[in-house]
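The lines below spell out each chain.
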Amino acid sequence: MADYEPDCLFCRIAAGEIPADIVYSDDAVVAFRDINPRAPTHVLAIPRRHVPSAADLTEADGPMLAALFAALRNVAEEAGLHGYRIVSNVGAEAGQSVFHLHVHLLGGRAMSWPPG
Ligand code: 5GP
Ligand code: ZN
């Protein structure tokens, strides 16, 4: 699979072709505000490289995942969050609607468990 898929919304956001409210960026990872926020802070962290979902990760993605989780921590700290939820939907049945791996960071309100 190519690193960049021209029909992929999040590949295009990572490439700067589609605007987004970017809150963190480095060589491997971009984080930006969700267009339809479900919490006062709702950010999506994605790898720059096209990976369809968490089910497509391999051991070689270890450094990228470390960068992804560091980005999430950075965004949470910048937002002053003391508690937050990180979640990644895998497959349409679980609610995945964009098939480029993304981790939701939700915070700024009380969370219920389990998610619906
Ligand atoms: P999923 O449903 O795949 O877990 O999450 C996809 C998320 O992407 C949704 O929360 C949705 O609001 C967000 N989203 C969809 N299109 C765009 C867009 O063009 N820009 C931004 N910033 N977020 C988007
Ligand atoms: Zn993509």
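For the structure, check the block above.
The following paragraphs examine the structure supplied in this document. (Residues numbered from 1 in each chain as written. Chains lettered and ligands numbered in written order. Predicted model: local features only at pLDDT ≥ 70, side-chain atom pairs only at ≥ 80, totals over all residues. Heavy atoms only, no water.)

## Points about the site of ligand 1
Where we set the bar: Nearness is defined per residue: one heavy atom within 4 Å of the molecule or strand is enough. Within 3.5 Å is the distance limit for a polar contact, defined as a pair of N or O atoms, with the added protein rule that one can donate a hydrogen and the other accept it, and that residues adjacent in sequence qualify only through two side-chain atoms. The Shrake-Rupley method, run with a 1.4 Å probe, gives the accessible areas here. Residue values count only the displayed protein chains as cover. Helix and strand labels come from DSSP, where a helix needs a run of H or I of at least four residues and a strand needs a run of E of at least two; each type is numbered from the N terminus. Three residue categories are used. Nonpolar comprises Ala, Val, Leu, Ile, Met, Phe, Trp, Tyr, Cys and Pro, charged comprises Asp, Glu, Lys and Arg, and polar comprises the others, including Gly.
Near ligand 1 lie 16 residues; those nearest to it are D34, N89, S97, H102 and H104. In this structure, R33 approaches ligand 1 through a main-chain N or O atom, which is 2.9 Å from a nitrogen atom. H104 places a side-chain nitrogen or oxygen 2.8 Å from an oxygen atom of ligand 1. Isolated, ligand 1 exposes 520 Å² of accessible area, and the fraction of that covered by the protein chains is 82%. Counting only elements with at least two residues in the shell around ligand 1, the list comes to α1 (9–14) and β2 (29–33). The element that contributes the greatest number of residues to the shell around ligand 1 is α1, accounting for 3 residues. Across the shell around ligand 1, the residue classes tally to 7 nonpolar, 7 polar and 2 charged.

## With respect to the pattern of salt bridges
If the charged atoms of two oppositely charged side chains come close together, the side chains can form a pair. Filter applied, for reference: A pairing counts as a salt bridge when a side-chain nitrogen of Lys or Arg comes within 4 Å of a carboxyl oxygen of Asp or Glu. The cut-offs for exposure are 20% and 50% of the maximum accessible area for each residue type, with area from a 1.4 Å probe on protein chains only; residues under the lower value are buried, those over the upper are exposed, and the others partly exposed.
For the structure shown, the criterion picks out 3 salt bridges. Put simply, D21 and R33 hold a salt bridge, and the shortest N to O gap is 3.4 Å. One end of the pair, D21, is in the loop between α1 and β1 (22–25); the other, R33, is in strand β2, and 12 residues separate them in sequence. Exposure remark for R33: the relative accessible area of 40% places this residue in the partly exposed category. One salt bridge connects D61 with R49, and the closest N-O pair in it is separated by 2.5 Å. Residue D61 is located in the loop between β3 (41–47) and α2 (62–78), and its partner R49 is located in the loop between β3 and α2; the two are separated by 12 residues in the primary sequence. When its relative accessible area of 5% is taken as the criterion, D61 is described as buried.

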